[in-house]
Structure formats: structure tokens, C-alpha cells
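Examining the three-dimensional arrangement
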Amino acid sequence: MDGTGTKEDPWQLTTAPGSSSYTLYRDEASDPPLLVCQVGATKLTYLLRAVDDLHAMLRENGDWVPLGAADEKKPAPEGSVEAWGRSGDNPVVGWYGQRNGYRGRFGMYVPPLLEGLGLVELEHNPRNNRVRAI
């Protein structure tokens, strides 16, 4: 993973299947602090605490969890990272995605960051990838 995670030097990442490149950076000055994800012309935002919260969930789970990435308007597969990122049972009691209409794809864009930070092991298959805490 290249970059330092600032707006001026964002992390350069690739989705788990390796099919798309994108950038992420921390915006700690926003209220609440955000992860800003740029995918082509599309800008998505997630709560910055998602990094620690997702890692904690994966550690507690102790096994592989499917990514289950899905757009906001599509249902997330049960038991997936995507479903957890929308669940009323997660630490924020709902969506980590903050931009209405673009709140989904949590399972697509956040796990590769955790891998780059050395927090998880991530599969890199063409489809149906999974993640687990290290």
C-alpha cells in the first residue's frame, strides 16, 4: 500500500479481486472523522472509526468472514462484512457509510485498507473473497 493516508498523500489501494484501484485518506477534521474513498469520479465516505471497529469484530469472530460488497440499495449477504457495516448491531448502530445514496460497498473498500495496515488477512480471488483478523 502506497501513501500515508492524508488528503495530500492518500493510500493507493486495489479491491480484493484486483479489478479496481482507488484511494482512501483520513479526514480527522470533519465531524465525525471520516475515511474518504475516491473511486474514479465517485467519492464515498465512511466513519473513520470503521477501521478499529471492523478489526475488533473480525478478532472477536476469529474466522473467515465473507466481504459481501453490495451497493446501498441492494441487500447485503447475511454474515458478511457488508451486512455488519449496515447492521443495527454494530458499534454505531447502523451505517458506517455516510454519503446518502453511496453508503454501500463498505465490504469492497475498507478491508483492503485493513490488509495494508497489517491488521487482517484478505483473500484475492476473482469473486467471493473473505477476510480474517491477524
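Preceding this paragraph is the structure being described.
Figured I'd write up the structure that's included with this text. Quick caveat, the model's predicted, so the values are computed rather than measured.

Considering only enclosed or pocket space, the largest pocket measures out at about 330 Å³ in volume. What lines the largest pocket is a set of 14 residues, and nearest its centre among them are Gly68, Ala69, Arg127, Asn128 and Asn129. Its residues placed into classes, the lining of the largest pocket shows eight nonpolar, four polar and two charged.

Bringing the sheet that holds strand β5 (residues 65-66) into the picture now. With antiparallel pairing, three strands are arranged side by side in an open sheet as β5-β7-β6. The open sheet has two edge strands with one neighbour each: β5 and β6 (120-122). Pairing between β5 and strand β7 (residues 130-133): two bridges, direction antiparallel. When the sheet's bridge partners are listed, Pro66 is paired in β7 with Arg130. Helix α1 (residues 50-61) contacts β5, β6 and β7 of the sheet and is inclined by roughly 85 degrees relative to β7.

Time to look at helix α3 (residues 106-116). Across the 11 residues that make up α3, a large majority, nine, are buried. For α3, the complete set of buried residues consists of Phe106, Gly107, Met108, Tyr109, Val110, Pro111, Pro112, Leu113 and Leu114. Of the residues trailing α3, Gly118 is marked for its positive phi of about 80 degrees.

Two quantities define a packed helix pair, namely the angle between the axes and the distance from one axis to the other. Remark: α1 packs on α3, axes separated minimally by 10 Å, with the N-to-C direction vectors making an angle of 85 degrees. By the angle between their axes, α1 is roughly perpendicular relative to α3. Where α1 abuts α3, its residues Ala50, Val51, Leu54, His55 and Leu58 lie against Phe106, Val110, Pro111, Leu113 and Leu114. Among the residues making up the contact of α1 with α3, the classes are represented as nine nonpolar, one polar and no charged.

Turning to unusual backbone geometry, a few remarks are in order. Of the consecutive residues Asp31 and Pro32, the connecting peptide bond is found in the cis state with omega at 5 degrees. Tracing the sequence through the fold places Pro32 in the loop between β2 (21-27) and β3 (34-39). Of note in the backbone geometry, Arg105 takes a positive phi value of approximately 65 degrees without being a glycine. As for its position among the elements, Arg105 is in the loop between α2 (81-84) and α3. Overall, the relative accessible area of 26% leaves Arg105 in the partly exposed class.

Each value, and the rule that gives it
Residues numbered from 1 in each chain as written. Predicted model: local features only at pLDDT ≥ 70, side-chain atom pairs only at ≥ 80, totals over all residues. Heavy atoms only, no water. 1 Å grid on protein atoms, 1.4 Å probe; cavity = no way out; pocket = protein on both sides within 12 Å on 5 of 7 lines; lining within 4 Å. Points joined across faces, edges and corners; volume = space filled by probe spheres on them. Nonpolar A, V, L, I, M, F, W, Y, C, P; charged D, E, K, R; others polar. Pairing = 2+ DSSP bridges. Helix = DSSP H or I, 4+ residues; strand = E, 2+ residues; numbered from the N terminus. Contact = heavy atoms within 4.5 Å. Axes fitted to C-alpha atoms, helices over the stretch in contact; angles between N-to-C directions. Buried < 20%, exposed > 50% of the residue type's maximum accessible area, 1.4 Å probe, protein only. Parallel < 35°, antiparallel > 145°, perpendicular 65-115°, else oblique.

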